[in-house]
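Chain residues, written in single-letter form:
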Amino acid sequence: MTGTALAIGAFQTGIEFSVIAVLAALLASFGYAFYNVAAQTLVTRNHQFTVMFYMLLGAATLWNVINPPWKVIAQNFSGPQWGFLVVFACLSMVLPYMLYLSGLKYLDPTRAVITSCLEPVFAILFAVLFVGESLRLMQIVGIVAVLVATVMVQIRPRAVYPAPAG
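Because the structure is predicted, anything quoted here is derived from the model rather than measured.

The rules behind the values
- Along each chain, residue indices are assigned from 1 in the same order as the chain's sequence is written.
- Thresholds applied to this predicted model are a pLDDT of at least 70 for local features of residues and 80 or more for the giving and counting of side-chain atom pairs; totals over whole chains, interfaces and linings are not thresholded and use all residues.
- Just so you know, side-chain values use all the structure's heavy atoms and leave hydrogens and water out.
- Working definition of a nonpolar core: buried Ala, Val, Leu, Ile, Met, Phe, Trp, Tyr and Cys residues. They are joined through side-chain atoms within 4.5 Å.
- Between buried and exposed lies partly exposed: a residue is buried under 20% and exposed over 50% of the maximum accessible area for its type, with that area taken using a 1.4 Å probe on protein chains only.
- Counting from the N terminus, the helices are the DSSP runs of H or I reaching at least four residues and the strands are the DSSP runs of E reaching at least two.
- We call two residues in contact when some of their heavy atoms are within 4.5 Å.
- Each helix should span, by expectation, one fewer than its residue count multiplied by 1.5 Å.
- Note that the arc is computed from the directions linking the helix axis to the C-beta atoms.
- In protein, a polar contact requires one atom able to donate a hydrogen and another able to accept it; more generally it is a pair of N or O atoms within 3.5 Å, and residues adjacent in sequence count only if both atoms are side-chain atoms.
- Here an axis means a line fitted to C-alpha atoms, over the contact stretch when the element is a helix, while the angle between two N-to-C directions is reported on a 0 to 180 degree scale.
- When an angle is under 35 degrees it counts as roughly parallel; over 145 it counts as roughly antiparallel; between 65 and 115 it counts as roughly perpendicular; any other value is oblique.
- Crossing handedness: left-handed means the near helix sits turned counterclockwise from the far one by under a right angle, and right-handed means the same turn made clockwise.
- Note on aromatic pairs: the rings of Phe, Tyr and Trp (six-membered ring only in Trp) are paired at centre separations within 6.5 Å, and the planes decide the class, stacked below 30 degrees, edge-to-face beyond 60, tilted for the rest.

Visitor: Is there a simple way to think about the nonpolar core in this case?
Guide: Looking at soluble globular proteins, one finds that nonpolar side chains tend to be buried together. Among the nonpolar cores identified, the biggest contains nine residues, and these are Tyr35, Ala39, Val43, Val51, Met52, Tyr100, Leu101, Leu104 and Ala112. When contributions to this core are tallied by element, the ones reaching two or more residues are α2 (19-45), α3 (48-66) and α5 (79-103). Ranked by residue count, the leading element in this core is α2, at three residues. Look past the residues within four positions of Tyr35 in its chain and what remains in contact with it is Met55, Tyr97, Tyr100 and Leu101. By size, the runner-up hydrophobic cluster in this structure holds six residues, among which are Ala7, Leu118, Ile124 and Ile143.

As structure tokens, this is what we get:
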């Protein structure tokens, strides 16, 4: 967690956090933890596309209450804009979640969550490569910490055998 916080610049001077934002982040983290534990159980009993269908149905239902369809239609998006939104939704949500749920069949939730901590690392590196962002020293330290922690948790401990009697 510290590595991720360093990588995203959470310890920079001048950054202010609101109480509501911190509470929302904590609530989201508990939701994400529950999702990972529950999702692994669900994908071992059901096909990952079935689980994903119900996840997306729940999310769509919530967002239809928060931002009803008539408000979205009132935005008067053009055809290319709608196309971009569909492609963006598929590439940023549908494909990653499909792959993640597929991976939960083979990884335990702890390893999956730790591996998912690579997401901000890759977001930062893509921003550096494609958008011209710069990296600060503490971000580099955070990225290295996240990579080391990810590798460490993936390595299985060696079996410990009792000493021969003798």
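Visitor: For this particular structure, what's the right way to read helix α7 (residues 118-131)?
Guide: Residues lying three or four places apart along an α-helix face the same way, a consequence of the helix completing one turn every 3.6 residues. An ideal rise of 1.5 Å per residue puts 20 Å on 14 residues; α7 measures up with 19 Å between its terminal C-alpha atoms. Buried residues of α7: Leu118, Val121 and Ile124, and no others. Looking straight down α7, one finds its buried side chains confined to an arc of 130°; they lie on one side. Those residues of α7 that are exposed and angled more than 90 degrees off the buried face are Glu119, Phe130 and Val131. Residues of α7 that are buried sit in contact with α1 (2-7), α6 (109-116) and α8 (137-154).

Visitor: Sorry, what's going on with the side chain of Gln48 here?
Guide: Inspection of the secondary structure assignment puts Gln48 in helix α3. Polar contacts involving the side chain of Gln48 include one to the side chain of Ser102, which spans 3.1 Å. Beyond its immediate stretch of four places on either side in the chain, Gln48 contacts Val43, Leu101, Ser102 and Lys105.

Visitor: Would you mind showing me how to read the packing of α7 against α8 here?
Guide: Two packed helices can be described by the angle between their axes and the distance between those axes. Between α7 and α8, the shortest axis-to-axis distance is 10 Å and the interhelical angle comes to 140°. With respect to α8, the element α7 is oriented oblique. Seen from above, α7 lies across α8 with left-handed handedness. Listed contacts from α8 to Leu118, Val121, Ile124 and Leu125 of α7 are Gln139, Ile143, Val146, Leu147 and Thr150.

Visitor: Can you help me understand the packing of aromatic side chains in this one?
Guide: Two numbers describe a pair of aromatic rings. These are the distance of the centres and the angle of the planes. Summed over the entire model, instances satisfying the criterion amount to eight aromatic pairs. Taking 6.3 Å as the distance between ring centres and 50° as the angle between the ring planes, the aromatic pair formed by Phe122 and Phe126 counts as tilted. Residue Phe122 and its partner Phe126 are both found in helix α7; the two are separated by four residues, about one turn of the helix. Note on Phe126: relative accessible area 46%, which makes it partly exposed. Each residue in the set Tyr32, Tyr35, Tyr97 and Tyr100 is aromatic and connected to the rest through ring pairs, giving one cluster.

Visitor: Hey, could you run me through the packing of α3 against α5 in this one?
Guide: Taken N-terminus to C-terminus, the directions of α3 and α5 make an angle of 135°; their axes are 10 Å apart at the nearest point. One finds that α3 runs oblique with respect to α5. Remark: the crossing between α3 and α5 carries right-handed chirality. Residues Gln48, Phe49, Val51, Met52, Met55 and Leu56 of α3 touch α5, and the partners they reach there are Met93, Val94, Tyr97, Met98, Leu101 and Ser102.

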